[in-house]
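Inside the fold
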Amino acid sequence: MDGVSAGRAPSESGPEPVLILGGGLIGLAVAHQLARRGEKVRVLSRRRSEAAGFVAAGMLAPHAEGLSGPLLQLGQASLERIPAWVEQIETDSGLSCGLRACGIVVPFATAQQRDDYPTAVFGAPLTRAGLEFEIPGIGPRWQAGLLFPQDGQIDNRRQLMRALERACVERGVAFEEGAEVLELIRHQGGALEAVRIRRAQGDDATISCRRAVLACGAWSARLLHELSVVPVKGQMLSLQGPRNALKRVLFGPGTYLVPREDGLLVVGATSEPDAAFSKGLTPFGQQQLQAGIEALLPEAASWPPMERWWGFRPGTPDEAPLLGAGPIPGLWLATGHYRNGVLLAAITAELISAAIPRAGDPDLAPTAIEPEAAALLRTFRWDRFPVCKQESLPFPSPAPGRASARSTPP
């Protein structure tokens, strides 16, 4: 990552800014890294409050999630970078991001299920006694577990997003909130020339640009129909428990409990691929969360609820992101992170900012990047799936090693 000195902002004159289409966690992370290397950056966002970064639980869990293959490699690479990435944000913003290396416990009904978990080799095996030591009061059905001490959490909803916004401002990033991107305009050669937006006041405008990053999350395919991205709705809630009642994240099948330092317990999350963009809480979704709490940590079922909310994850057929150059020259993609946007923000920002040519390059020649980074970008290309319309895009059942590999809450 670029180590530009704190407080240095890009000049107001010079080349056109890089446009970041989407003001969520991923968009802000990319904007921040570009600004740190001295680029002019402008973030266009319809409503940042809708971003998944404000509604996710903030788990940093490539091992607890049971990821495998290239996605596990990507997650591990990002986990390694997160402390330095957070330090940059905190230095630029003066705010804490709420990073905690608290470890994550994954419970199982049997020792065989524990031993068969895809990432078992990265965790410490737990017996029932070990589970009770790590998670006092854990439900009786869980007889074995895995402790992943290298996994953790970040308080994205209350701290990280605010710190990242402030860091971007301090680095000179310009924001236009209430700007909905309606169209990507190409010149005759096919490359990106401009974007057409509709401002909050209702007027349309065209902004010329030769470099842009699409980071619209679940809404990405509305702007670029070639992308295999669909919304996957999730409902969540929070409880106020005693301080230090739970020291580890508890990642159960279908439900997880994420304790903050002040005793707040974040509970998530339903997975509703058929809900599309339907807003609001549902009784069934809230009942599912309540059943998960009762199964995992029965005493927490009586803790008072503090907040209930919902959001939309950007899902892809293989549950992995779309990264790198897009179908339009001059457009880069940073979307489709599904359940792992918080975990993958650091590596996404590094890869995308490295791949975008620097200002002043008349041919927009690709920036030379390290072989490992280039290989990751090839692996997560947007066109690894057959092109299909969003409304008919198949979304798979949870991958092996996730909730489907274990018994679901009663």
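Everything that follows concerns the structure shown earlier in this document.
Overview of the structure. (Residues numbered from 1 in each chain as written. Predicted model: local features only at pLDDT ≥ 70, side-chain atom pairs only at ≥ 80, totals over all residues. Heavy atoms only, no water.)

**A look at the sheet that holds strand β2 (residues 41-45)**
An order of β9-β2-β1-β13-β20-β19 is seen for the six strands of this open sheet, with the pairing classed as mixed. The outermost strands of the open sheet, each flanked by one partner alone, are β9 (174-177) and β19 (322-325). Looking at each pair of strands side by side, their axes are set apart by 20 degrees on average, direction ignored. In the packing of helix α8 (residues 341-355) onto the sheet, contacts are made with β13 (212-214), β19 and β20 (331-335), and the angle to β20 comes to roughly 175 degrees. (Pairing = 2+ DSSP bridges. Helix = DSSP H or I, 4+ residues; strand = E, 2+ residues; numbered from the N terminus. Axes fitted to C-alpha atoms, helices over the stretch in contact; angles between N-to-C directions. Contact = heavy atoms within 4.5 Å.)

**Overview of the packing of aromatic side chains**
For the structure on display, the rule yields five aromatic pairs. Pairing phenylalanine 108 with tyrosine 117 gives two aromatic rings, centres 5.1 Å apart and planes at 70 degrees, and the pair type is edge-to-face. Here phenylalanine 108 falls in the buried class, since its relative accessible area comes to 1%. Between tryptophan 219 and phenylalanine 312 the ring centres are 6.0 Å apart and the planes differ by 85 degrees, which places this aromatic pair in the edge-to-face class. Of this pair, tryptophan 219 sits in the loop between β13 and α6 (220-223) while phenylalanine 312 sits in strand β18 (residues 305-315), and the two are 93 residues apart along the sequence. Neither residue differs from the other here; tryptophan 219 and phenylalanine 312 are each classed as buried. Clustering of aromatic rings is evident, with ring pairs tying together Trp219, Phe277 and Phe312. When the ring centre of tryptophan 142 is taken as origin, the NZ or CZ atom of arginine 141, which lies over that ring, is 4.8 Å away. When the ring centre of tryptophan 309 is taken as reference, the NZ or CZ atom of arginine 157 above it lies at 4.0 Å. (Phe/Tyr/Trp six-rings, centres within 6.5 Å; stacked < 30°, edge-to-face > 60°. Buried < 20%, exposed > 50% of the residue type's maximum accessible area, 1.4 Å probe, protein only. Lys NZ or Arg CZ within 6 Å of the ring centre and 35° of its normal.)

**With respect to the packing of helix α1 (residues 25-36) against helix α5 (residues 156-170)**
Geometry of a packed helix pair, given as the angle between the helix axes and the separation of the axes. Packing of α1 against α5 brings their axes to within 9 Å, and their N-to-C directions diverge by 35 degrees. Regarding α1 and α5, the two cross each other, and that crossing is left-handed. Across the interface between the two elements, Leu25, Leu28, Ala29, Ala31 and His32 of α1 pack against Leu160, Met161, Leu164, Glu165, Ala167 and Cys168 of α5. A per-class count over the contact of α1 with α5 returns nine nonpolar, one polar and one charged. (Left-handed = near helix turned anticlockwise from the far one by under 90°. Nonpolar A, V, L, I, M, F, W, Y, C, P; charged D, E, K, R; others polar.)

**Remarks on empty space enclosed by the protein**
Following the criterion strictly, the structure yields one cavity of 30 Å³ or more and no others. Its volume calculated, the largest cavity comes out at about 40 Å³. Lining the largest cavity are Pro242, Arg243, Asn244, Ala245, Leu246, Pro259, Arg260, Gly263, Leu265 and Trp303. Tallied by class, the residues present in the lining of the largest cavity amount to six nonpolar, two polar and two charged. (1 Å grid on protein atoms, 1.4 Å probe; cavity = no way out; pocket = protein on both sides within 12 Å on 5 of 7 lines; lining within 4 Å. Points joined across faces, edges and corners; volume = space filled by probe spheres on them.)

**Comments concerning helix α7 (residues 283-296)**
In a regular helix each residue adds 1.5 Å, so 14 residues correspond to 20 Å; α7 covers 20 Å between its end C-alpha atoms and thus fits that length. Along α7, the positions that sit buried rather than exposed are Gly285, Gln286, Leu289, Ala291, Gly292, Ile293, Ala295 and Leu296. Summarising the contacts, the buried residues of α7 are in contact with β5 (104-108), β14 (230-240), β15 (249-251), β16 (256-259), β17 (264-268) and β18. (Expected span 1.5 Å × (residues − 1).)

**Focus on the pairing of β2**
Here β2 lies mainly inside the structure; four of its five residues are buried. Examined bridge by bridge, strand β1 (residues 18-21) and β2 share four bridges and lie parallel to one another. Counted as the bridge partner of isoleucine 20 is valine 43 from β2. Chirality of the crossover, the property in question, places the unit of β1, α1 and β2 among those that are right-handed. For β2 and β9, the ladder comprises four bridges, and the chain directions are parallel. Opposite valine 43, over in β9, you have phenylalanine 175 as the bridge partner. (Right-handed = clockwise from strand over helix to strand, strands pointing away.)

**What about the sheet that holds strand β12 (residues 204-208)?**
Here we have three strands laid out as an open sheet, ordered β10-β11-β12, and antiparallel in their pairing. Each end of this open sheet is capped by a strand with a single partner; those strands are β10 (180-186) and β12. Sheet twist, expressed as the mean angle between neighbouring strand axes with direction ignored, is 25 degrees.

**Regarding the pattern of salt bridges**
For side chains bearing opposite charge, pairing can occur when the charged atoms are close. By the definition in use, this model includes 23 salt bridges. With a closest N to O distance of 2.9 Å, arginine 128 and glutamate 132 form a salt bridge. You can see arginine 128 and its partner glutamate 132 sitting in helix α4 (residues 128-134), four residues apart, about one turn around the helix. You can call arginine 128 buried: its relative accessible area is 19%. With relative accessibility at 41%, the residue glutamate 132 sits in the partly exposed group. Here arginine 199 makes a salt bridge to aspartate 203, at a shortest N to O gap of 3.7 Å. Classification of arginine 199 by relative accessible area gives partly exposed; the value is 25%. Judged by relative accessible area, which is 34%, aspartate 203 ranks as partly exposed. (Salt bridge = Lys/Arg side-chain N within 4 Å of Asp/Glu carboxyl O.)

Everything listed is a geometric property; what it means functionally is a separate question.
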